[in-house]
Amino acid sequence: MMATSAQTAIAPPRAKVAARGATLRRGQGFQHGGWFVAPFLALFALFVIWPLLRGIYLSFTDANIAGDSANFIGLDNYREALKDPLMWDSLGHSAYFTLLVVPCITVLAFLLAMLAHHIERAKWLWRLCFFAPFLLPSTVAGNLWQWLFNPGTGMINHVFGIETPWLADKSYAMLAVVICTLWWTIGFSFLLYLAALQGIPAHLYEAAKLDGANAWHRLVHITVPMLGHITGLVIALQILASLQVFDQAVVMMDFSPGPEESTRTFVQYTLEEGFTSYRVGYASAISIIFFVIIAAVALARMWLLRNREEGGR
């Protein structure tokens, strides 16, 4: 009896032993997992963290692309940027493009996914046709639609019997870029919606049918609510991507800002300041401003999503 009491006093409790073992396993797991994560962290630090820190530093200098010694000028670049009408115009063009693209892509991708999900014959062909343009490089898509919008030889004016100078008139130039973007990028959002549709349990529709719900009621009360998270994801991704529009706009306009600079986007203006005007410091400053805008949009989306989830609970 005394030996048992002594052993109990000396031996640590089982809970402590288990906790110590779990701690050791976590430490070993972290050590082993760290080797797998280390290459990614190294590349992330090299190509993301370091350029960001370098850009922040350059934004406070008068650095140029020639590599001359940069002088610290404080907030002068930021003050100039906030008073620069060209910067605000380019930001307005990017915002206008985003307002046109995001709702159209969201609605069209949903409709195409519904069509591909419910069609009976040659499903693989429909899915391939809707997704295939997304696989094309941006230069191919831009050159293709530049030819289609050509007022003399393009197919658009020929098919509709019109003579619209799509790429030469500021009233139509941005619309042409929007149409090209819709055709080129809708496949990604279509794929997200299609995967989400396939994940909706079939018994929900069967129960609704038994209750007398027609197709419209099933769409409004089952399909749309069940796709709420995917819709939020599509909108957020499209906003972030559309604000950074560059490739197709530049290619379609032959590497120019478009008629009366109507298609000059924020990214294009930043590159012009950095590599055409050679003002690396100023280009870094407006890049940081744009980074703050993008980060604010992403954080706002996260905040809205969190509030919606808490409200749903």
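Keep in mind the model is a prediction, meaning the values are calculated, not measured.

(A) Highlighting the nonpolar core. Counting residues in hydrophobic clusters, the biggest one holds 20 residues, and the most contacted among them are F97, W145, F149, L167, V177 and M252. Of all the secondary structure elements, the ones that give two or more residues to this core are α4 (85–118), α6 (138–148), α8 (170–198) and α12 (247–252). If near-sequence neighbours (up to four positions away) are discounted, V177 is found in contact with F97, Q248, A249, M252, M253 and T263. Core analysis: the next-biggest nonpolar cluster, separate from the first, contains 17 residues, M114, F190, I200 and A208 among them.

(B) Inspection of the pattern of salt bridges at higher detail. Across all of its chains, the model carries six salt bridges by this definition. One salt bridge in this structure joins D76 and R79, with 2.8 Å as the shortest N-O distance. Of this pair, D76 and R79 both sit in helix α3 (residues 76–82), separated by three residues, roughly a single helical turn. The shortest N-O distance in the salt bridge between E80 and R279 comes to 2.8 Å. Here E80, found in helix α3, pairs with R279, found in the loop between α13 (266–276) and α14 (280–312); they are 199 residues apart in sequence, far enough to count as distant.

(C) Geometry of the side chain of N77. Tracing the backbone shows N77 in helix α3. Of the residues examined, N77 reaches a relative accessible area of 5% and is grouped as buried. A polar side-chain atom of N77 sits 2.8 Å from the main-chain carbonyl oxygen of T61. Residue contacts for N77: discarding those within four places in its chain leaves L58, S59, T61, G281, Y282 and A285.

(D) Focus on unusual backbone geometry. Look at F255: it is not a glycine, yet its phi comes out positive at around 60 degrees. With respect to the element layout, F255 can be found in the loop between α12 and α13. Residue E261 is not a glycine yet carries a positive backbone phi of 60 degrees. With respect to the helices, strands and loops of the structure, E261 is situated in the loop between α12 and α13. Residue E261 is classed as partly exposed on the basis of its relative accessible area of 34%.

(E) The arrangement of the environment of L219 in detail. Mapped onto the elements, L219 comes out in helix α10 (residues 215–226). Note on L219: relative accessible area 22%, which makes it partly exposed. Along the sequence, L219 and Y205 sit 14 residues apart, while their C-alpha atoms lie 9.4 Å from each other. Each residue touching L219, except ones within four places of it in the same chain, is listed here: F110, M114, V224 and P225.

(F) Region of the structure containing the environment of F291. Secondary-structure assignment places F291 in helix α14. Taking the relative accessible area as the measure of exposure, F291 reaches 46% and is therefore partly exposed. The spatial distance from the C-alpha of F291 to the C-alpha of L52 is 9.6 Å, given a sequence separation of 239 residues.

(G) Quick look at the packing of α6 against α8. Two elements in contact, α6 and α8, have axes separated by 10 Å at closest approach and are oriented at 130 degrees. Viewed along their axes, α6 and α8 adopt a mutual orientation that is oblique. Considering how the two elements wind past one another, α6 and α8 form a crossing that is right-handed. Residues S138, A141, G142, L144 and W145 of α6 form the contact with α8, whose own contacting residues are I179, C180, W183 and W184. Partitioning the contact of α6 with α8 into residue classes produces seven nonpolar, two polar and no charged.

Quick notes on the rules
- Residues numbered from 1 in each chain as written.
- Predicted model: local features only at pLDDT ≥ 70, side-chain atom pairs only at ≥ 80, totals over all residues.
- Heavy atoms only, no water.
- Core = buried A, V, L, I, M, F, W, Y, C linked by side-chain atoms within 4.5 Å.
- Buried < 20%, exposed > 50% of the residue type's maximum accessible area, 1.4 Å probe, protein only.
- Helix = DSSP H or I, 4+ residues; strand = E, 2+ residues; numbered from the N terminus.
- Contact = heavy atoms within 4.5 Å.
- Salt bridge = Lys/Arg side-chain N within 4 Å of Asp/Glu carboxyl O.
- Polar contact = N/O pair within 3.5 Å; in protein donor to acceptor, adjacent residues only side chain to side chain.
- Axes fitted to C-alpha atoms, helices over the stretch in contact; angles between N-to-C directions.
- Parallel < 35°, antiparallel > 145°, perpendicular 65-115°, else oblique.
- Left-handed = near helix turned anticlockwise from the far one by under 90°.
- Nonpolar A, V, L, I, M, F, W, Y, C, P; charged D, E, K, R; others polar.

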